[in-house]
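# Report on the structure
Each chain, written out:
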Amino acid sequence: MNGKRLLLHICCAPDATVPWPSLIGEGCETAGYFYGGNIHPREEYDRRAAAVSALAGHTGAEVFLADYAPGPWFEAVRGLEQEPERGARCRRCFETQLAAAAEWGARGGFTHLCTTLTISPHKDVNLINEIGARAAAARGLVWVERVWRKADGFKRSVEISKELGLYRQNYCGCIFSKNIEL
């Protein structure tokens, strides 16, 4: 991917520990993008954003932290609050995050888009890659399809996170999955 500008959608710092250095190692100019409107409460967003910034310092790469704006996310998932995990609400959440990343990438002059979401053993990688490809294409970007959990990617991300002292959350960030108060 030499000569390409890739924007890596980052759901959280631990999940970026394997993808980000890997993409940089491929010779691709790679910057990170952290959305976070799906993360609740605000204090949790702040912890995760700080961890993403710390990881950016370790990688030496640029990172963009989207302003904390949960309103559009709540609007996107309205009516899906009672959906089970891995259901329609999660799909809408992925669509919202990846659309925001694609929009940011297109405005910022990036040519390619990828995500860290596929490192999780709890997420549907085919669905994520389908949504990502659609979001990227709609904005003139090339989707880079990866399944980061292959070759023990998730296990390595846990180990690297511990080595770097990164904050590692215990839920996706969605108040409906955690059943917490705002």
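Refer to the preceding data block for the structure.
The text that follows walks through the structure, step by step, so that each part is easy to find. As the structure is a prediction and not an experimental result, all values here were calculated from the model. (Residues numbered from 1 in each chain as written. Predicted model: local features only at pLDDT ≥ 70, side-chain atom pairs only at ≥ 80, totals over all residues. Heavy atoms only, no water.)

### Here's the deal with the environment of Val63
- In this fold, Val63 is placed in strand β3 (residues 63–65).
- Separated by 115 residues in the primary sequence, Val63 and Lys178 have C-alpha atoms spaced 27 Å apart.
- If we skip the residues at most four places from it in the chain, Val63 touches Trp20, Gly32, Val52 and Ala56. (Helix = DSSP H or I, 4+ residues; strand = E, 2+ residues; numbered from the N terminus. Contact = heavy atoms within 4.5 Å.)

### Comments concerning the packing of helix α4 (residues 70–77) against helix α5 (residues 88–107)
- Where α4 contacts α5, the axes come no closer than 9 Å and their chain directions differ by 140 degrees. As summarised for this structure, α4 and α5 are arranged oblique, according to the angle between their axes. Seen from above, α4 lies across α5 with right-handed handedness. Residues Trp73, Ala76 and Val77 of α4 lie in contact with α5, whose contacting residues are Arg89, Arg92, Cys93 and Thr96. (Axes fitted to C-alpha atoms, helices over the stretch in contact; angles between N-to-C directions. Parallel < 35°, antiparallel > 145°, perpendicular 65-115°, else oblique. Left-handed = near helix turned anticlockwise from the far one by under 90°.)

### Re the packing of α5 against helix α6 (residues 125–138)
- At a closest axis distance of 9 Å, the pairing of α5 and α6 adopts a crossing angle of 35 degrees. Between α5 and α6 lies a crossing of right-handed hand. Between α5 and α6, the residues in contact are Arg91, Phe94, Glu95, Leu98, Ala99 and Ala102 and Leu127, Ile128, Glu130, Ile131, Gly132, Arg134, Ala135 and Ala136, respectively.

### Regarding the sheet that holds strand β5 (residues 142–143)
- Spatially, the five strands line up as an open sheet ordered β3-β2-β1-β4-β5, and their pairing is parallel. At either end of the open sheet lies a strand with only one pairing partner, and these are β3 and β5.
- Both strand β4 (residues 112–115) and β5 contribute to a ladder of two bridges, which runs parallel. The partner of Leu113 across the bridge, within β5, is Trp143.
- Helix α3 (residues 42–59) rests against β1 (5–10), β2 (29–34) and β3 of the sheet, and its axis sits at about 170 degrees to β3.
- On top of the sheet, α5 reaches β1, β2, β3, β4 and β5; it is set at about 150 degrees to β1, its chief contact. (Pairing = 2+ DSSP bridges.)

Distances and angles like these do not, on their own, reveal function.
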